[in-house]
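The lines below spell out each chain.
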Amino acid sequence: MPYRKSAEHGAWCACAWTLSILSGIVSCGSSSAAPSAPPFDEARAWTHMKEMVALGPRPAASEELERARAYIVRELESYGLTPVVENFRSETPEGELSFANVYADIGPGDAPLVVLTTHIDTKRFDWHFVGANDSGSGTAVLLELARALAPVSARPVTYRVLFVDGEESIRETWIDPDNRYGSRHHVAELERTGEIRRVAACVLIDLIGDKDLRLSHETLSNPELLKIFFRAAREAGLGAHVDGPRREIKDDHLSFMSANIPSVDLIDFEYGPNNAYWHDKRDTLENVSAASLGIAGRIVLAGLPGLEAWVLKN
Ligand SMILES: [Zn+2]
């Protein structure tokens, strides 16, 4: 691991985090939590998801995705953050297309970087695929996480909230390199600029809106990171929503893993009976819930103190 920080500083921060996060969970949306960690507001996340779905299909290089990005930028700015739009072009099976990631950093410019990421594009089909869960849910939860994390000042790491374009393949099947355009580009940029040396971990969220939310045990993920989030969920009373079936899922975390960044995919890959709603007409608002967005957001927040301690230790 490239980063070490003052152990006593890290331990203090992790402790403060744990207390404030737990108070956030207990108060469950009320304003009584410590100001250092505003609780995750699932109603706000739900609003974001409805906005995404209302745009309709949002495949890479579409006007609708451009509108989604504009919405994300406006939201991040409203939290006092400074979003960066990372434009690039890439060859695809349909020729060269324009893509753009959006990211914003929360924390000091010299601390270890922890990337919290999701994809914002929807898979292109020749029918009306609105992608409530895939990828409205990740977009919604990551935006609300950004709002919750933005005001916290004392923290041993910097969080980069990264909304990537082009996770979905342009062709119907997900065959490399026709997928992960945005995360691959972002990692290539981190390597080109040398910033990769700051990156300590990547936490990917994807498909976390399912009404019957239970995060899969994703076997490509770093097992220690997965354990940190699942343990935190159990300790927060959310154990019923983790430890799902063991599944190997190829997703944006592979781009970070290829640069030796420890990465975890928090994903529920059982959407509807036998995953029947995934990439299907039934991926609509009726089959996702605000409650699940709230659970997913709280699991991420609950796991961050442990993740921070892990980053400082490694
Ligand atoms: Zn998908």
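Nothing here was measured: the structure is a model prediction, and the numbers come from that model.

Engineer: Explanation requested: the environment of Val 152 in the structure shown.
Structural biologist: The residue Val 152 is located in the loop between α4 (132-149) and β4 (158-164) in this model. The buried category is assigned to Val 152, around which 20 C-beta atoms lie within 10 Å. As a C-alpha pair, Val 152 and Gly 107 span 45 residues in sequence and 8.2 Å in three-dimensional space.

Engineer: Where do I start with the environment of Tyr 103 in this structure?
Structural biologist: With respect to the secondary-structure elements, Tyr 103 resides in strand β2 (residues 95-106). When the C-alpha atoms of Tyr 103 and Phe 163 are compared, they prove to be 6.0 Å apart, with 60 residues separating the residues in sequence. In this structure Tyr 103 touches Pro 83, Val 84, Glu 86, Arg 160, Val 161, Leu 162 and Phe 163, once residues within four positions along its chain are discounted.

Engineer: Got a minute to help me understand the pairing of β4 in this structure?
Structural biologist: Taken residue by residue, a regular strand's side chains alternate between the two faces of the sheet. Taken across its 7 residues, β4 has 6 buried, putting it largely inside the fold. Sheet topology places β2 next to β4; 5 bridges connect them, and they run antiparallel. Looking across to β4, one finds that Asp 105 is bridged to Arg 160. Note that strand β3 (residues 113-119) and β4 share 7 bridges and pair parallel. Across the sheet, residue Thr 117 finds its bridge partner in β4, namely Leu 162. One crossover worth recording links β3 to the parallel β4 by way of α4, and it is right-handed.

Engineer: Can you walk me through unusual backbone geometry in this structure?
Structural biologist: If a residue is not glycine, its phi is most likely negative; likewise, a peptide bond is most likely trans. Cis rather than trans, the peptide bond between Asp 134 and Ser 135 has omega equal to 20°. Following the sequence through the fold, Ser 135 ends up in helix α4. With omega at 0°, the peptide bond leading from Asp 176 into Pro 177 counts as cis. Residue placement: Pro 177 occurs in the loop between β4 and α5 (181-193). For Asn 274, which is not glycine, the phi torsion reads 55° and is therefore positive. By the secondary structure assignment, Asn 274 is in the loop between β8 (263-267) and α8 (290-313). Since 8 C-beta atoms lie within 10 Å of it, Asn 274 is described here as exposed. Even without being a glycine, His 279 presents a positive backbone phi close to 55°. Mapped onto the fold, His 279 is located in the loop between β8 and α8. With 16 C-beta atoms counted inside 10 Å, the residue His 279 sits in the partly exposed group.

Engineer: What should I look at first to understand α4 in this one?
Structural biologist: In an α-helix, one full turn covers 3.6 residues, which means residues spaced three or four apart are oriented alike. The terminal C-alpha atoms of α4 lie 24 Å apart, and with 18 residues this matches the ideal 26 Å at 1.5 Å per residue to within 8%. Judged by how many residues are buried, α4 sits mostly within the fold: 18 of 18 residues are covered.

Engineer: Honestly, the sheet that holds strand β5 (residues 199-206) in this entry has me stumped. Any pointers?
Structural biologist: Pairing between the strands of a sheet is mediated by backbone hydrogen bonds and can be parallel or antiparallel. Across the sheet, 6 strands lie side by side as β1-β2-β4-β3-β5-β8; this open sheet has mixed pairing. On the outer flanks of this sheet lie β1 (84-92) and β8, each paired with one strand and no other. Taking the axes of each pair of neighbouring strands and ignoring which way they run, one obtains an average angle of 20° across the sheet. Packed onto the sheet, helix α3 (residues 63-78) meets β1, β2 and β4 and runs at close to 15° relative to β2. Across the sheet, α4 is in contact with β2, β3, β4 and β5; its angle to β3 comes to roughly 145°.

Engineer: Hey, could you run me through α8 in this one?
Structural biologist: If you check α8, its first and last C-alpha atoms are 35 Å apart, about what 24 residues at 1.5 Å a residue would give, namely 34 Å. The sharpest bend along α8 measures roughly 35° and falls at Leu 304, with the proline Pro 305 sitting one to four residues further on. By the criterion of burial, α8 is predominantly enclosed, with 22 of the 24 residues buried.

Engineer: What is the right way to read the packing of α4 against α8 from this model?
Structural biologist: How two helices pack is summed up by the angle between their axes together with the distance between the axes. For the pair α4 and α8, the least separation of the axes is 10 Å and the interaxial angle reads 50°. As the angle between them shows, α4 and α8 are arranged oblique. As for how α4 packs across α8, the hand of that crossing is right-handed. Taken together, the residues of α8 that come into contact with α4 (itself represented by Ser 137, Ala 140, Val 141, Glu 144, Leu 145 and Ala 148) are Leu 293, Ala 296, Gly 297, Val 300 and Leu 301.

Engineer: I would appreciate a short explanation of the nonpolar core in the present structure.
Structural biologist: A general tendency of soluble globular proteins is for nonpolar side chains to be buried together. Grouped together as the largest cluster of nonpolar side chains are 88 residues, with contacts concentrated most on Val 114, Val 161, Val 203, Phe 229, Leu 266 and Ile 299. No other element matches α8, which puts 14 residues into this core. With sequence-adjacent residues up to four places away left out, Val 161 is seen in contact with Tyr 103, Ala 104, Ile 106, Leu 116, Leu 142, Leu 145 and Ala 146.

Rules used throughout
- Along each chain, the written sequence defines residue order, and numbers are assigned to residues from 1.
- Under the rules for a predicted model, residues below a pLDDT of 70 receive no local features and side-chain atom pairs below 80 are neither given nor counted, while totals for whole chains, interfaces and linings still include all residues.
- Only runs of H or I of at least four residues qualify as helices and only runs of E of at least two qualify as strands under DSSP, and these elements are numbered from the N terminus.
- In this scheme the burial state of a residue depends on its C-beta neighbours within 10 Å: 20 or more other such atoms mean buried, 12 or fewer mean exposed, and anything in between means partly exposed; the C-beta positions come from the backbone.
- Residues are defined as contacting one another if the C-beta atoms placed from their backbone atoms lie within 7 Å.
- Any two strands with at least two DSSP-identified bridges between them are counted as paired.
- Convention used here: a crossover is right-handed provided that the path from the first strand, over the helix, to the second strand proceeds clockwise when the strands point away from the viewer.
- To estimate the expected span of a helix, subtract one from its residue number and multiply by 1.5 Å.
- Each axis is a line fitted through C-alpha atoms, taken for helices only over the stretch in contact, and angles between the N-to-C directions span 0 to 180 degrees.
- A residue's bend is simply the angle between two axes: one fitted to the seven residues ending at it, one to the seven starting at it.
- An angle below 35 degrees is read as roughly parallel, one above 145 as roughly antiparallel, one from 65 to 115 as roughly perpendicular, and any other as oblique.
- Each helix crossing is assigned a hand: it is left-handed if the near helix lies turned anticlockwise from the far helix by less than a right angle, otherwise right-handed if that turn is clockwise.
- Think of a nonpolar core as buried Ala, Val, Leu, Ile, Met, Phe, Trp, Tyr and Cys residues, each tied to the set through C-beta atoms within 7 Å.

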